[in-house]
Amino acid sequence: MNKLNDSGKGLSLKMLFLWSIIGVIFLILLGIVVMFVAMPYYNDGRALGIPFLILLSGISLLIAFVGRKQMLRVENKATTPINTLSSGDVEIAGKVKAVGKTIISPTGQNCVYYDAYWFDSIVVINDGETQHTSAVPVDHEVRSSSFVIIDQYGEAELDLHDVDLNNVQRHREQVWMHEFKGIITCSNSKRNPIGGKISDHYREFNLKAGDNFYYNGVIEESKYENETGIAALPPIVKEQPPLLTEIPTGARKWKLKGGIIGNKSEEQIKNKYKKVMVISFVVSVVFLVFAVILHLLPLGTISELLKE
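Residues numbered from 1 in each chain as written. Predicted model: local features only at pLDDT ≥ 70, side-chain atom pairs only at ≥ 80, totals over all residues. Heavy atoms only, no water.

**Q** Could you give me a rundown of the overall build of the protein, with the residues and numbers involved?
**A** Summing up its helical and strand segments, the protein has four helices and 13 strands in all. Counting all 308 residues of the protein, 35% fall into the buried class. (Helix = DSSP H or I, 4+ residues; strand = E, 2+ residues; numbered from the N terminus. Buried < 20%, exposed > 50% of the residue type's maximum accessible area, 1.4 Å probe, protein only.)

What follows is the structure, given as structure tokens:
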């Protein structure tokens, strides 16, 4: 597939995220203004219904815009051959290859990397009346064995320590969007808790040997160095695994700094964003059509038509 290398063009994920929030706030304010303008004009429930439909139409259109931007980001950006990686904005597409021993996740998955979260459900009461359930993280565990990403040109080792798949935005300079398939989401039994940790719910992302790997974002070369510039050993962890799972791979190591990451193929990710764009646009048009119908026809007339 021919692609344009436009890695330096368009909005970054961080800016896209910020502008999306600003867009939603603008649409909410616009809906409030339209509501106050419409209240003297309509003498029935349309004064609230029409602004609400316009607001929903605008939010759906904004989601379609974000989906299109992400689709073009994946579609137009040239894949960087692994043997030519350098610090900056890149697209990596390849396969996961284990180096040495693999690890077992809390759910028994044989993998090279997992990111596990334990959640409790709490009930939040607002104003002493309304209430909603919220998921609160109570524990988090990340482990990996040595692995590389390979393509037809070479292989590279990736440092995933900064990846935070549970939050869209972890740091101000990092925005993560995950595109994983096979995400494990389940309730956590109190009698046989996953990983020996008691919680209400559990969620796990993992990478297995042979999986597709896709990353679209910023990287920088990762090195173990001390203050004098001499290569230093990795930090010692409190609980050493029974087997030596992290060994030198012999490949250059790159640190991921924020972007789209997942174990889907590039085509699957592109098609997902395309589907989001099309569905959101259709929903936006439907809401707008309903708003026009409400404007043209009084509620009484609409009720009579529905009864017929």
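**Q** Could you give an account of the nonpolar core, naming the residues involved and the relevant values?
**A** Counting residues in each nonpolar core, the largest one holds 26 residues, and the members touching the most others are Ile92, Leu160, Leu207, Phe213, Leu256 and Ile261. Among the elements of the structure, strand 1 (88-98), strand 4 (113-126), strand 6 (147-150), strand 7 (155-159), strand 11 (201-207), strand 12 (212-221) and strand 13 (253-262) are those that each provide at least two residues to this core. Once you skip the residues sitting within four places of it in the chain, Leu160 turns out to touch Tyr113, Phe147, Leu207, Leu256 and Ile261. (Core = buried A, V, L, I, M, F, W, Y, C linked by side-chain atoms within 4.5 Å. Contact = heavy atoms within 4.5 Å.)

**Q** How would you summarise the packing of aromatic side chains if you had to cite specific residues and measurements?
**A** Going through the model one piece at a time under the given rule, you end up with five aromatic pairs. On the numbers, 5.1 Å between centres and 65 degrees between planes, the contact of Trp118 with Tyr202 is edge-to-face. Of this pair, Trp118 sits in strand 4 while Tyr202 sits in strand 11; the two residues are 84 residues apart in sequence, bridging distant segments of the chain. In this structure Tyr202 comes out as buried when scored by relative accessible area, which is 1%. Pairing Phe180 with Phe205 gives two aromatic rings, centres 5.6 Å apart and planes at 70 degrees, and the pair type is edge-to-face. With Phe180 in the loop between strand 9 (174-179) and strand 10 (184-187) and Phe205 in strand 11, the pair connects residues that are 25 residues apart, well separated along the chain. A residue is classified by how much of its surface remains accessible, and Phe180, at 7% relative accessible area, is buried. (Phe/Tyr/Trp six-rings, centres within 6.5 Å; stacked < 30°, edge-to-face > 60°.)

**Q** Which residues make up the side chain of Lys255, and what values do they have?
**A** You can see Lys255 is positioned in strand 13. Side chain to side chain, Lys255 and Asp159 meet in a polar contact 3.4 Å long. Look past the residues within four positions of Lys255 in its chain and what remains in contact with it is Asp159, His161, Asp162, Val218, Ile219, Glu220 and Ser222. (Polar contact = N/O pair within 3.5 Å; in protein donor to acceptor, adjacent residues only side chain to side chain.)

**Q** For the pairing of strand 7, give the residues involved together with the corresponding values.
**A** The buried count for strand 7 comes to four of five residues, which makes it a mostly enclosed element. Bridging between strand 6 and strand 7 involves two bridges; their strand directions are antiparallel. Bridge pairing links Ile150 to Glu155 in strand 7. Sheet topology places strand 7 next to strand 13; three bridges connect them, and they run parallel. Bridge pairing in strand 13 places Leu158 opposite Trp254. (Pairing = 2+ DSSP bridges.)

**Q** Quick one: what's the story with the environment of Gly210, residue by residue and with numbers?
**A** Along the chain, Gly210 turns up in the loop between strand 11 and strand 12. Looking at Gly210, the relative accessible area reads 44%, which means it is partly exposed. In sequence terms Gly210 and Ile150 are 60 residues apart; their C-alpha atoms lie 9.9 Å from each other. Not counting residues up to four positions away in its chain, the partners in contact with Gly210 are Lys95 and Val96.

**Q** Give a detailed account of the pattern of salt bridges, specifying residues and quantitative values.
**A** A complete count under the given rule lists 15 salt bridges for this structure. With its nearest N and O atoms 2.5 Å apart, the salt bridge here joins Asp89 to Lys77. A residue pair is termed long-range when its members are at least 10 positions apart, and Asp89 in strand 1 and Lys77 in the loop between helix 2 (46-76) and strand 1 qualify at 12 residues. Between Lys270 and Glu267 there is a salt bridge, with the nearest N and O atoms lying 3.3 Å from each other. Here Glu267 and Lys270 lie together in helix 3 (residues 266-296), a separation of three residues that amounts to about one turn. According to the relative accessible area criterion, Lys270 is buried, its value standing at 12%. The class for Glu267 is partly exposed, based on a relative accessible area of 38%. Through salt bridges with shared partners, a single ionic network connects Asp159, Asp162, Lys255 and Lys257. (Salt bridge = Lys/Arg side-chain N within 4 Å of Asp/Glu carboxyl O.)

**Q** Tell me what's going on with the confidence of the model for the protein, and back it up with residues and numbers.
**A** Interpretation of this model should avoid reading the predicted coordinates in detail wherever pLDDT is low. With 69% of its residues at a pLDDT of 70 or more, the protein has an overall mean of 78. Of the regions scoring below 50 in pLDDT, residues 4-11 engages in 14 contacts with residues more than four places distant in sequence or in other chains. Below a pLDDT of 50 lies the segment residues 168-172, which in the model reaches 12 contacts outside its immediate sequence neighbourhood of four places, other chains included. (pLDDT = per-residue confidence, 0-100.)

**Q** Tell me about a nonpolar patch on the surface, residues and numbers included.
**A** Side chains of Leu61, Val278, Phe281, Val282, Val285, Val286, Val289, Phe290 and Ile293 sit close together on the surface and give an oily, nonpolar patch of about 730 Å² of accessible area. Here the nonpolar patch takes eight residues from helix 3, the largest share from any one element. Topologically, Val282 is positioned in helix 3. (Patch = residues over 30% accessible without salt bridge, like charges linked within 9 Å, V, L, I, M, F, W, Y side chains within 5 Å. Areas by Shrake-Rupley, 256 points an atom, 1.4 Å probe, with all protein chains shown as cover.)

**Q** Residues and numbers for the environment of Gln109, please.
**A** Position of Gln109 relative to the elements: it lies in the loop between strand 2 (103-104) and strand 3 (110-111). On the accessibility criterion, Gln109 (25% relative accessible area) is partly exposed. Separated by 97 residues in the primary sequence, Gln109 and Asn206 have C-alpha atoms spaced 8.2 Å apart. At 3.5 Å, the side chain of Gln109 and the side chain of Lys208 are in polar contact.

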